[in-house]
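Given next are the chains, with one letter for each unit.
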Amino acid sequence: MNKTLKGAALAATAGLLLAACGGSSGGGGKSLTISSDLPLQGTNKDQNTEANNAMQLYLDQIGNKVTAKDGTVYSLNFKAYDDSTAAKGSWDDAQCAKNAQDHVANAAEIAVMGTFNSGCAKIIVPILNQDPNGPMLMVSNANTNPGLTKAWDPGEPQKYYPTGKRNYGRVIATDDFQGAGGAQFAAQDLKVKKCYVLDDNSTYGMGVAKAFADAAPGQGITVAGMEAYDPKQPNYSALFNKIKGIGGVDCIYVGATYDMNGGQIVKDKVGVLGDNQQVKLIVPDGFVGYSEFDNLPEAQGAYMTFSGLAADSLIKRGGKPASFNDAFQKKYGHSLQNSYSIYAVAALQVILAGIEASDGTRAGLTSAVLGGSGVTVPADISMLGKEIHLDPATGDTTAHDMTILTVSNNKEVTLKPWTVQ
Amino acid sequence: MANALEAHNITVQFGGLVAVNDVSFDVPEGGIVSLIGPNGAGKTTFFNVLTGLYKPTSGSVRLNNQVITGKSPHIIARNGLARTFQNIRLFGLMTAEENVMVAMHSHMRSGIISTLIKTPHQRREEREAHERARELLDYVGIGKYASDYARNLPYGDQRRLEVARALALKPSVLLLDEPTAGMNPQESARFVDFVRKVREDQKVSILLIEHDMSVVMKVSERVTVLDQGQKIAEGSPDEIKTNPRVIEAYLGKSGVEGGH
Amino acid sequence: MPADVATPMSTAAPRAPRLDPKDLTYKISGGLILLGLAFWLGVNLFHDPAQFFTVAIDGLKNGALYALIALGYTMVYGIIQLINFAHGDLFMLGTMMSAFIITTVFGQKAPSLAGYGAFAVAMIVSMAFCGGLNIGIERFAYRRLRRAPKLAPLITAVGVSFVLQFVGLHWNGSGQRQWQTVLPNTQFNINGVVIDVKTVIIFAVTIPMLLILTWLVTKTKQGRAMRATAQDQDAARLMGINVDRTIAFTFGIGGALAGAAGLMYQQVVGSTAYNLGYQLGLIAFTSAVLGGIGNLAGAVLGGLLIGLIQGLNDGLSYGLGQQWSQSVVFTILILLMVFRPAGLLGKNVTEKV
Amino acid sequence: MTGHKAIEDRSNRRWAIGFTAVAVFLFVLYHWIVPNGPSWLHDFVQGWFSNANTNEMIVYIIMALGLNVVVGYAGLLDLGFVAFWAIGGYVAGWLMSSFLGNFKINIFGNPAPGLEMGIHVTFWWVLLAAGGFCAIWGIIIGAPTLRLKSDYLALVTLGFGEIIPQVFINGQDINGFNLSNGNQGITPIDPIRFFGFRNLGPFDLDYKFVIYAVICAGMVMVSLRLRQGRLGRAWLAIREDELAASMMGVPLMRTKLAAYAVGAFSGGLGGVVFATHINGIFAERFNFSISILILAMVVLGGMGNVWGVMVGAIVLSWINGIGLQQFGNTVNGAFNTNIDFPSFNFLIFGSLLILMMMFRREGFIPEARVRLVMHEHEDDNEEVH
């Protein structure tokens, strides 16, 4: 739809009837809205704004329309929801509940890309699941908490799907794979014997850290200690001095996202325990894609696990990710910095593939993606450089392979692919 | 005559400073007694011991033959010792009526629950409190200000309101801390009559701290003089007037009376 | 129940000859808590003395940073009894200004002569920037509210804090940024006790600041004006003191301290984030209260203590662990408030009747 | 005398009628008019005054009314009110979900199929339990600290406001005991049974609204009645002059504790209501900025005035939750711009607080007496300049 026209039309209606416009105007066929649901204020503002921009750009590239298998042409709109508030500066549970209602109430909306935080997904998914016209599909680019899709805590995952039908998928692998993969790599390639496991006390961080600690003994690694750190504290040298006091610790695993004061953790780790040659540093994909991190002298030689492929390495491989990044750079003046942005587009691609295979209704879309044999995004257009397929039974991505990266010369270098046994 | 209030050998020390030294003192039932002394003599400190704000270093206070030393102010107040303040301390942003009703707190019984469901008892209690507050305001002569904020009352009437508030406690002893400070001679004279009237009507004993000698001499039945924390004299107004130690303590100070 | 007495006058009030049971319970429980603390420290000290002192000194490093921020807090509180929530955010802008000067303008990323030069320039710019900003904030936001009830300036301070965070968000971006320091990275090792040279530098900044401020407040004319204003603004005005200028001056000094603290934080810890001020402001305020609010030496003592407690809790083998540090700090604060409401160095005040 | 009482009673009756009218109107709007109305109305209401937002507002109103008892009535500054919200929320998490899986208790509870383990107690009882539990906590927190002067008290409450949420955040393994499921949160909360005939699912916001409005009306009643009674006068007296109040026979400690307990009680109610509103409880919500937000509602609305506080809660929660966002969307849509509005929210919110304090510091709807004190030195100030 012509943006100027849309703007003029809206100005004419005194700007109040904004949402009404989505469904009515537009060329031929039916108009569908795909939304995103991400925190756009506070700490994660920049990366999620980038994800929204990337999705909008991708939709622009495909002409804001998609042709279904039955020949119907759907014109597409994009709507970004914000699940954070000004006062809190991060995701807000009440905002999530409200957005869920809005997703369902907005008749033109067909599916949701999001959320960023697993906690928010736990609020939204059950509501979308009970949509009278649904269940309504949500595909996440960033939720790695296993309980959303598979048996984890008591009652999970059934409690998120009151109707018994699945309506949630994700293009990123869950924490348990990654933590276990990290432990295997540490034992087999790095030959470490004694690890201290830290986490940032978040759902994600604790999940990967616990998975690592659980898998480590089986690989012959002693877990010297496991502890959450408080991301609000200014520094951690005392903490690392304690680890130093234990003696013989030759590896530190930090289950965290870089945003959670991860830079400080890494700096203090090197400051107290020595560089990453002496005492290995292993981090999960919460650190991947932050050029801030890559540029830290203290980060050099750190090992990173990534369930999937990191932004830099994806772009370097050429093909779709590279050309998309070029277009992004042209429009926004900087290249994609965040892996989650690429995964947001990948999630969008899953939704689009679903629309192609469906009848254009919410229920139809959900059953196309999470029913039968599911949908596949072919490797040639995939933002991940390879085929994307969600297991229709769980909604998890079937790609369990992960990548081991290392930071070298201020760059994330792919060391080797790794398959979790 | 029995004593309404007895203070035995009260001593108060602040650090090394002795503010009140071994003072004993009685208020007879139904009497009007004054406590005088030059600035810094320890009068207000002594008052604060009586009302429970300070704990004495040694000594004891009895109110109606009950020991009240070291009890908290609200318990002492509940037991029948009410006071006014030298620098008026009304609840400025509450109405005159509310001010009086606050002082009835300890004589009322309704708690959170009965207030919420408005039990018949609570309603009756509230109604009676309202009525009694009006009566007291009328009694001290400021009934017309009942629904005005206390801070908006004229100065003299604020003093009267303080008395009404103190009377709402149904005290057996009323402590007046420099009640005529800031009043002109006519107002002071009227106040003397008022104090007498209160004593008669409300059946209270009155203890007065005062700077204004004319008021003291006119109203008191007995006068106690403090100087530098010590009791230096006690007796009828006439005796005090002629007591050489009192004259010595006050010598040259008569000019700055009430200069507080 | 003497506890009902409104004023905290445990020391001012004359002591009763016999201990009343409530007082006794207080004393005993206070003693038990101290005893437990001493036992915990002793066990850890015995377990590994080198580690004990290393983490203690690490903690003091943070503590000195808290102390610098707390100094500004306590000065402003001392003069107008305002809990200036925006102070932490001012400090946050100080970190950004320092990073901007040293790394962006001068391009210094490693210890060198040029680096030290940039450090000195940043010190001046950051202090002037934060000081000036604080004066401006006082002039436009707080001055009108000087006689309003306490809650009004408090809410204003929250508003100012939001506005400053907005500035920080746009200056720094939403995430945390890491910076290279121009301060040397060396460490001393004395009998196994590791001391970071940065710790020495922070103390070399904090202690002179405290001394200069103490001199300023106690010995100069301006300082006398400040103390007079803090006591009684109206009386000070009658004595010919320009109260507005004195308060503005205090805000300026407080802001400059925040600027200095910002520089030290940026160089020692090496990171900036828009929401940094919230956390550190909270801790700094706590430090100020711990030491006795309005008291300069108290603020430094409080900051050092909090840093020390955090360091010990984080770093000792028999500690609660890092995730509880915040709770430990606030628990100690609450205990202190219960047992010694005026703070460690503060004076108790009695209310006049 | 009796005239005074009569006026009071009449105004009480009037608010009850007004409140009911507004609530009924909103219910009718959400239940019949919007679903059956034209699509533009639907979109307009959904965008600017959605039912979910209204329900969240009620949570904030309940919280703000509770804090108003502490701050507005008794004059005690509390910077850690969010602690009671958290405790109330977790009581709902414990008693209305399958979280405490070792138990299998059902007291008129309403578990979703497949989630029968854990403790399931009916919503109304949980409300009372949470309110009572919070009131006890209010007393525990208050007892050792209420002797302190206002600023110190504020700091201690702030400390508790930091500690209690941290206990819940770290609470998934306290010596092996899972208290709170940490940052993972507790979901789902049992659906409310609507006066016995219907389980309220996620799209029954209109019925939930009715229940929440009833609870809110209860809190309004509590606020008004307590204010007019013996305890309310004692609170006001303490706010005015503690010392004089104690010498007039008001027991300071007990009266302040009562204010704390009542405030905490309503915090607990709000916590339960909120947990059922978002169908879960997440530790990340309970941070200092929420305490400040609620305090700002009380102050901006008009301390001590129940209606003012309600308006403050409505306005601020609307701005924070939906207003700023929708405003940004509208401007961007109308002028075809691409301004990143969320990033200006700090500025807008901060400026609002500053400007309000500068030009209308007594709040939107002040209590008459508060207006007096808020502006009393205005004239002195002018001559200072």
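Reading the values: rules and limits
- Residues numbered from 1 in each chain as written.
- Chains lettered and ligands numbered in written order.
- Predicted model: local features only at pLDDT ≥ 70, side-chain atom pairs only at ≥ 80, totals over all residues.
- Heavy atoms only, no water.
- Domains from an automatic or database assignment.
- Buried area = accessible area lost by both parts, 1.4 Å probe.
- Helix = DSSP H or I, 4+ residues; strand = E, 2+ residues; numbered from the N terminus.
- Nonpolar A, V, L, I, M, F, W, Y, C, P; charged D, E, K, R; others polar.
- Pairing = 2+ DSSP bridges.
- Contact = heavy atoms within 4.5 Å.
- Axes fitted to C-alpha atoms, helices over the stretch in contact; angles between N-to-C directions.
- Salt bridge = Lys/Arg side-chain N within 4 Å of Asp/Glu carboxyl O.
- Polar contact = N/O pair within 3.5 Å; in protein donor to acceptor, adjacent residues only side chain to side chain.
- Phe/Tyr/Trp six-rings, centres within 6.5 Å; stacked < 30°, edge-to-face > 60°.
- Buried < 20%, exposed > 50% of the residue type's maximum accessible area, 1.4 Å probe, protein only.
- Lys NZ or Arg CZ within 6 Å of the ring centre and 35° of its normal.

Can you explain the domain arrangement of chain B? Please cite residues and give values.
The parts lose accessible area when they come together, and the size of an interface is often stated as this lost area. All names here are of chain B. Structurally, chain B comprises domain 1 (1–80 + 171–260) and domain 2 (90–169). A straight line from the C-alpha centre of domain 1 to that of domain 2 covers 27 Å. Roughly 1,300 Å² of surface becomes buried between domain 1 and domain 2 when both sides are summed, with 64% attributable to carbon and sulfur atoms. Of all residues in domain 1, the largest losses of buried area upon contact with domain 2 belong to Pro171, Phe194 and Gln202, amounting jointly to 35% of the total for that side. It is helix α7 (residues 185–202) that provides the largest number of residues to the side of domain 1 that touches domain 2, a total of six residues. Each residue belonging to the side of domain 1 that touches domain 2 can be placed in one class, and the counts come to 10 nonpolar, two polar and five charged.

Tell me about the sheet that holds strand β1 (residues 96–97) of chain D, residues and numbers included.
Residues and elements named next belong to chain D. In space, the three strands of this open sheet follow the order β1-β3-β2, with mixed pairing throughout. The open sheet terminates on both sides in strands that have one partner only, identified here as β1 and β2 (104–107). In terms of strand pairing, β2 meets strand β3 (residues 118–121) through four bridges, oriented parallel. Each bridged residue has a counterpart across the sheet, and for Lys104 the counterpart in β3 is Gly118. Across the face of the sheet, helix α5 (residues 123–142) comes into contact with β1, β2 and β3 while running at roughly 100 degrees to β3.

Describe in detail the interface of chain C and chain D, supporting the description with residues and values.
Contacts between the two partners involve 55 residues from chain C and, on the opposite side, 51 residues from chain D. Across the chain C-chain D interface, the total number found is zero salt bridges. Inspection of the chain C/chain D interface yields six residue pairs in polar contact (both at pLDDT 80 or more). Elements supplying a minimum of two residues to the side of chain C that touches chain D: α4 (113–142), α5 (151–172), α10 (276–291) and α12 (325–339) of chain C. Broken down by element, the residue count for the side of chain C that touches chain D peaks at 14 residues, all from α5 of chain C. Across the side of chain C that touches chain D, the residue classes tally to 36 nonpolar, nine polar and 10 charged.

Tell me about the interface of chain A and chain D, and please be specific about residues and values.
Listed per partner, the contact involves 50 residues of chain A and 50 residues of chain D. Taken together, the two surfaces of chain A and chain D that pack against each other cover about 4,300 Å², and 55% of this comes from carbon and sulfur. In this assembly, chain A and chain D are joined by three salt bridges. The closest approach of N and O atoms between Asp92 of chain A and Arg285 of chain D, which form a salt bridge, is 2.6 Å. In this assembly, chain A and chain D are joined by 13 residue pairs in polar contact (both at pLDDT 80 or more). Secondary-structure elements contributing two or more residues to the side of chain A that touches chain D are α1 (3–12), α2 (18–24), α4 (93–105), α5 (118–129) and α7 (203–215) of chain A. Taken together, the residues of the side of chain A that touches chain D break down into 21 nonpolar, 15 polar and 14 charged.

Tell me about the sheet that holds strand β8 (residues 205–209) of chain B, and name the residues and values.
All names here are of chain B. Strand order across the open sheet formed by six strands is β6-β7-β8-β3-β9-β10, with mixed pairing between neighbours. Every other strand in the sheet has two partners, leaving β6 (81–83) and β10 (230–235) as the edge strands with one partner each. In this sheet, neighbouring strand axes are inclined to one another by 20 degrees on average, regardless of whether the strands run parallel or antiparallel. Direction of pairing for strand β3 (residues 32–36) relative to strand β9 (residues 222–227): parallel, over a ladder of four bridges. Bridge pairing in β9 places Leu35 opposite Thr224.

Give a detailed account of the packing of aromatic side chains, specifying residues and quantitative values.
Scanning the entire structure with this criterion turns up 46 aromatic pairs over all chains. Ring plane angle 80 degrees and centroid distance 5.5 Å describe the contact between Trp91 of chain A and Phe282 of chain D, whose orientation is recorded as edge-to-face. Of this pair, Trp91 of chain A sits in the loop between β3 (73–82) and α4 while Phe282 of chain D sits in the loop between α10 (252–278) and α11 (288–301), placing the two residues on different chains. Both residues of the pair, Trp91 of chain A and Phe282 of chain D, belong to the buried class. Summarising the aromatic geometry, the rings of Tyr229 of chain A and Tyr236 of chain A are spaced 5.2 Å apart at their centres and angled 70 degrees between planes, so their arrangement reads as edge-to-face. Residue Tyr229 of chain A is classed as buried on the basis of its relative accessible area, which comes to 0%. We classify Tyr236 of chain A as buried; its relative accessible area is 0%. Ring pairing ties together the aromatic residues Tyr60, Trp85, Tyr90, Trp94, Phe133, Phe168, Phe274 and Phe286 of chain D, which thus form one cluster. In this structure, Arg165 of chain B packs its charged tip against the face of Phe91 of chain B, placed 4.8 Å from the ring centre. Directly above the ring of Phe140 of chain C sits Arg139 of chain C, whose terminal nitrogen or CZ lies 6.0 Å from the centroid.

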